[in-house]
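Residue strings, one per chain:
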Amino acid sequence: MSSSVITNIGELVTNDPAAPDLLGIHRDAAVVVEGGQVAWVGPALEAPAADTYLDAGGRAVIPGFVDSHAHLVFAGDRAPEFAARMAGTPYAAGGIRTTVAATRAATDEELTGRVAKLVAEMRRQGTTTVEIKSGYGLTVRDEARSLAIARQFTDDTTYLGAHVVPEGSDPAEYLALVTGPMLEACAPYARWVDVFCERGAFDEDQARAVLAAGAAVGLKGRLHANQLGPGPGVRLAAELGLVAVDHCTYLTDDDVAALADSGTIATLLPGVEFSTRQPYPDARRLLDAGVRVAIASDCNPGSSYTSSMPLCVALAVREMRMTPEEATYAATAGGAAALGRDDVGRLTVGSRADLVLLDAPSHVHLAYRPGVPLVAGAWVAGTPLGA
Ligand code: NIG
Ligand code: FE
């Protein structure tokens, strides 16, 4: 088996859970990759021989970003809606229906090509693991094909038939579809089940019904909750012990306490607040209360049409009162935890060799140099981007 070593790494972020510091930083380090996994981590001067060498030139290497929340299967865009919003029209999730119409009208080839383009865009910005949701089909056929397409790009696929009630449908009948025939058609392609639990979408009882139906066929639950206003979703996620609940913008003290007690991860999506001009979630309040936090892009054509995890890290630091260290961790190890995974989001022996070489001496530059393309190279399971 051939091995390769990346040496002369000025700052290596490992996220090693056994390290005394959050990021498990090694200085003047090397990493050996073999069989797609990290085989050795340590001081550059002690690195074992390998078949190929790469000199990082004193720059930083971090684990690839784990984007645990993205809606990539869609057609069309909503640039006019964005422009209107920037001129003062508030965000309303009703725009989802515009994307549903475009998605239903697209061919499988079009949708697949669009997902491929977005995934490639993500890779260039250092994302090496991505979760992909359905939710713009909202018919049995269109949800199932959305997930079949998503499955070509990731194992972390999420059934979001409960995104909104489609135009012209009766809510009770649609819920029966989502928990019945649609679930049956989608479950073979999905790992997760998700519900948009929000006023104007699905209420607590409906969310419980969808999560229970998903669990009965082996899908693990996650939720969109407390995005547009206070609501029951975050407490429901904590009560059910879900691995993650996403958005968490409007939280009461009870919500925060419930998250801290349950260990459910709060996935914060600052691209949404950036793109909708809503108040950012208060990450500091969550972290200070002992809540585990992840950061993800929520890439979608309505509320957050960015695929950039570095942008989200910068926003988390600047707007959500996270330190660069906390934000880097939340966008890598935090995202991995939000997907229930320990094989990614860290660079320790045995983990998948998903590495990002930054054109910068430290992770701090992700937030310090916002908008600058700092990803000089990325490897997924030891294979370099573009190979
Ligand atoms: O996560 N909140 C619900 N779903 C998406 C937005 C979808 C859209 O506007 O198209 C979100 O923000
Ligand atoms: Fe979302």
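Only a predicted model underlies this, so the values are computations on that prediction, with no experimental measurement involved.

Visitor: Got a minute to help me understand the UniProt feature "domain: Amidohydrolase-related" (unreviewed entry) in the chain in this structure?
Guide: Mapped onto this structure's residue numbering, the UniProt feature "domain: Amidohydrolase-related" (unreviewed entry) falls at residues 243-363. End-to-end, the C-alpha atoms of residues 243-363 are 27 Å apart, and along that stretch the chain is 40% helix and 12% strand.

Visitor: What is the right way to read the packing of helix α3 (residues 108-124) against helix α4 (residues 140-151) from this model?
Guide: Packed helices, taken two at a time, are described by the angle between their axes plus the distance between the axes. At a minimum axis separation of 10 Å, α3 and α4 run at an interaxial angle of 45 degrees. Relative to α4, the element α3 lies oblique. In this structure, α3 crosses over α4, and the sense of that crossing is right-handed. Here Asp108, Leu111, Thr112 and Val115 of α3 come into contact with α4, specifically with Arg145, Ile149 and Ala150. Residues of the contact of α3 with α4, tallied by class, amount to four nonpolar, one polar and two charged.

Visitor: What is the right way to look at the nonpolar core in this model?
Guide: Looking at soluble globular proteins, one finds that nonpolar side chains tend to be buried together. Within the largest apolar cluster, 127 residues are counted, with the highest numbers of intra-cluster contacts made by Val31, Val61, Ile295, Val313, Ala316 and Leu355. The two domains that each donate at least three residues to this core are domain 1 (3-64 + 345-384) and domain 2 (66-338). Residue contacts for valine 31: discarding those within four places in its chain leaves Val5, Ile6, Ile9, Leu12, Val38, Val41, Val61, Leu347 and Leu355.

Visitor: It is not clear to me how the domain arrangement of the chain should be interpreted in this structure. Could you clarify?
Guide: Under the domain assignment used here, the chain contains domain 1 (3-64 + 345-384) and domain 2 (66-338). If you average the C-alpha positions of domain 1 and of domain 2, the two centres end up 29 Å apart. Contacts between the two partners involve 20 residues from domain 1 and, on the opposite side, 23 residues from domain 2. Secondary structure elements with two or more residues in the side of domain 1 that touches domain 2: β5 (60-63), α15 (365-368) and β16 (375-380). Per-element tally for the side of domain 1 that touches domain 2: the top contributor is β16, with three residues. Of the residues belonging to the side of domain 1 that touches domain 2, the class tally is 14 nonpolar, four polar and two charged.

Thresholds, definitions, all that
- Residues numbered from 1 in each chain as written.
- Chains lettered and ligands numbered in written order.
- Predicted model: local features only at pLDDT ≥ 70, side-chain atom pairs only at ≥ 80, totals over all residues.
- UniProt positions renumbered as here; feature names shortened; annotations may be inferred.
- Helix = DSSP H or I, 4+ residues; strand = E, 2+ residues; numbered from the N terminus.
- Axes fitted to C-alpha atoms, helices over the stretch in contact; angles between N-to-C directions.
- Parallel < 35°, antiparallel > 145°, perpendicular 65-115°, else oblique.
- Left-handed = near helix turned anticlockwise from the far one by under 90°.
- Contact = placed C-beta atoms within 7 Å.
- Nonpolar A, V, L, I, M, F, W, Y, C, P; charged D, E, K, R; others polar.
- Core = buried A, V, L, I, M, F, W, Y, C linked by C-beta atoms within 7 Å.
- Buried ≥ 20, exposed ≤ 12 C-beta atoms within 10 Å, placed from the backbone.
- Domains from an automatic or database assignment.

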